[in-house]
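# Examination of the molecular architecture
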Amino acid sequence: MQIYSKTLNVSFGDAIAELGNARTITLADGSTLGIRMPMHDAEEPTTRPYYLVSDIEKAVSDAEQSGAVIAVPPMEIPDRGKCAIVMFGQIQSGFWQL
């Protein structure tokens, strides 16, 4: 996390339990950057962008029809919307619906 703090000249907030103890910062353009450690030994470090979508069910369905594997189906994060994770081979992407 220090490399991002120094490179972007930002300070991350406290760990957020419902986001897997990620620490986040709101960037100047209004986007959110979050960083967290792997949650268990089997989870490998990764960079995973999340794309804001208006219909997460459709986004996940479209990704699956395009060959993605659904790693985490749409799930509600209290007071934060819904998120999902899909994988195209080793490339992970997330979707977020507010």
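Everything here concerns the structure above.
Residues numbered from 1 in each chain as written. Predicted model: local features only at pLDDT ≥ 70, side-chain atom pairs only at ≥ 80, totals over all residues. Heavy atoms only, no water.

This part is about the sheet that holds strand E5 (residues 81–88). Overall, mixed pairing links the four strands, which are arranged E3-E6-E5-E4 in an open sheet. Edge strands, defined here as strands with exactly one partner in the open sheet, are strand E3 (50–52) and strand E4 (69–77). Neighbouring strand axes in the sheet, compared pairwise and without regard to direction, differ in orientation by 20° on average. Pairing of E5 with strand E6 (residues 91–97) involves seven bridges; the strand directions are antiparallel. Across the sheet, the residue bridging to Ile 85 is Gly 94, located in E6. Each of E4, E5 and E6 touches helix H2 (residues 56–65); the most contacted strand, E5, lies at about 5° to it. (Pairing = 2+ DSSP bridges. Helix = DSSP H or I, 4+ residues; strand = E, 2+ residues; numbered from the N terminus. Axes fitted to C-alpha atoms, helices over the stretch in contact; angles between N-to-C directions. Contact = heavy atoms within 4.5 Å.)

It helps to recall that an α-helix has 3.6 residues per turn; residues three or four apart then point in one direction. All buried positions along H2 are accounted for by Ile 56, Ala 59, Val 60 and Ala 63. End-on, the buried residues of H2 take up no more than an arc of 95°, which puts them together on one face. Its buried side turned inward, H2 meets E4, E5 and E6. Of the residues trailing H2, Gly 67 is marked for its positive phi of about 110°. (Buried < 20%, exposed > 50% of the residue type's maximum accessible area, 1.4 Å probe, protein only. Arc of directions from axis to C-beta.)

A few words on the pattern of salt bridges. The full count for this structure, using the stated rule, is three salt bridges. Between Glu 18 and Arg 80 there is a salt bridge, with the nearest N and O atoms lying 2.9 Å from each other. Of this pair, Glu 18 sits in the loop between helix H1 (2–8) and strand E1 (23–26) while Arg 80 sits in the loop between E4 and E5, placing them 62 residues apart in sequence. Lys 58 is the partner of Asp 62 in a salt bridge, and the nearest nitrogen-oxygen pair spans 2.7 Å. Of this pair, Asp 62 and Lys 58 are both found in helix H2, four residues apart, which corresponds to roughly one turn of the helix. Overall, Lys 58 belongs to the partly exposed group, its relative accessible area being 47%. (Salt bridge = Lys/Arg side-chain N within 4 Å of Asp/Glu carboxyl O.)

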